[in-house]
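Given next are the chains, with one letter for each unit.
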Amino acid sequence: MDKSVYQAYEDEIRALEEEIRLLTEKYEDIRQESTFFSDEEILKSIKSFQQETQGETKGQEYPSDLKAELESLGTDLSFFMTLTGFQFTSHSKKTVEKTEKRTVQKHRLSGKCHSLSFQLEFQLLEMQNNEKVSAVVSDLSIVMESREDSDVSKFVSSTEEHGNLLTFFRSLSAYAEWYEHRRRTFLHFKAKYPDIVTVPEGLLGDFIILRSPKVSGFELMIVWKIHLDEEGTTTPVLDLLPKVPEQVLEQRMRSVESIPGRFRSAVRLFGIEAAIENLIKVLGSEE
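Parameters at a glance
Residues numbered from 1 in each chain as written. Predicted model: local features only at pLDDT ≥ 70, side-chain atom pairs only at ≥ 80, totals over all residues. Heavy atoms only, no water. Phe/Tyr/Trp six-rings, centres within 6.5 Å; stacked < 30°, edge-to-face > 60°. Helix = DSSP H or I, 4+ residues; strand = E, 2+ residues; numbered from the N terminus. Lys NZ or Arg CZ within 6 Å of the ring centre and 35° of its normal. Axes fitted to C-alpha atoms, helices over the stretch in contact; angles between N-to-C directions. Parallel < 35°, antiparallel > 145°, perpendicular 65-115°, else oblique. Left-handed = near helix turned anticlockwise from the far one by under 90°. Contact = heavy atoms within 4.5 Å. Nonpolar A, V, L, I, M, F, W, Y, C, P; charged D, E, K, R; others polar. Expected span 1.5 Å × (residues − 1). Polar contact = N/O pair within 3.5 Å; in protein donor to acceptor, adjacent residues only side chain to side chain.

S.K.: What exactly am I supposed to notice about the packing of aromatic side chains here?
M.R.: Each aromatic ring pair is summarised here by two numbers: the centre-to-centre distance and the angle between the ring planes. If you walk through the whole model with that rule in mind, you get 12 aromatic pairs. Ring geometry for F88 against F169: centres 6.2 Å apart, planes inclined by 85 degrees, an arrangement best described as edge-to-face. With F88 in strand β1 (residues 86–98) and F169 in helix α5 (residues 165–192), this residue pair connects regions lying 81 residues apart in the sequence. The lysine or arginine in question, R182, covers the ring of Y179, its NZ or CZ lying 5.2 Å from the ring centre.

S.K.: Help me out: how do you make sense of the packing of helix α4 (residues 150–162) against α5 in this one?
M.R.: Two packed helices can be described by the angle between their axes and the distance between those axes. It is the contact of α4 with α5, at a shortest axis distance of 11 Å, that shows an interaxial angle of 165 degrees. Taken together, α4 and α5 sit at an angle that is classed as roughly antiparallel. Pair α4 / α5 crosses with left-handed handedness. Only T167, F168, S171 and Y175 of α5 make contact with α4, whose side of the interface consists of V152, F155 and T159. Of the residues in the contact of α4 with α5, the class split is 4 nonpolar, 3 polar and no charged.

S.K.: How should I be thinking about α5 in this particular structure?
M.R.: Because each turn of an α-helix spans 3.6 residues, side chains separated by three or four positions in sequence point in the same direction. With 28 residues, α5 ought to run about 40 Å at 1.5 Å a step, and its terminal C-alpha atoms sit 40 Å apart, in line with that. For α5, the N-terminal capping position is held by N164, with its side-chain oxygen 3.3 Å away from the main-chain nitrogen of L166.

Shape descriptors only; they carry no functional weight alone.
Set out below in structure tokens:
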């Protein structure tokens, strides 16, 4: 057979191999770009599966090891969500580059930590050197609903600059936990003392007002800030601002001026909830 015919066959085989390679890569990209199931969807699926299998006969039951594995997965997910407050609602990735020693992927991740929502986009470079694999995060972009807070905005900017995902998740967990604790505390005292406690900016605001039921115009504003520095350290900061009618101020100037300092001391000694509780009781008993 003529060499040119052989060459034509070889060229066609190489073209087919290249087409198969491109189609395989395209399939991988499409598969990786698909949105993953969220934690809540996985837990619902597990519960649905368990309910379905409970009504099955013994001959139709699924293998016991599969049931145990699903139950273990559900337990682990519930524990993770309870421990950290994180719930991931979506995750997708796209392979940008892939060679024998390096892989570049773009990730998109969204979810919430307690009541704070967030969205992340970043590029992950994985490099293999002998048996070691290293990973580098770059092009990190973070969107948070509370970014209008100057502390949160500075922290996010610093995290994006350094591309430190671990710091972000660890710090967000601590910050969101304090955020949720403040909301629950405000809700507790508002429900327990509705005639004294008001929340002008709602439960997600950073202050409550205590109004004296016996002295008209006498109010105490408890300001509860949650400070987040650029390194990701969270610190609750509480203060008290009194609003006192002039006639009361003239009679009890020294005692009124000492209220903020005494409140801060009570917070350090007894904790936030006990200090607020004691302040409300004192306010309610004032003549």
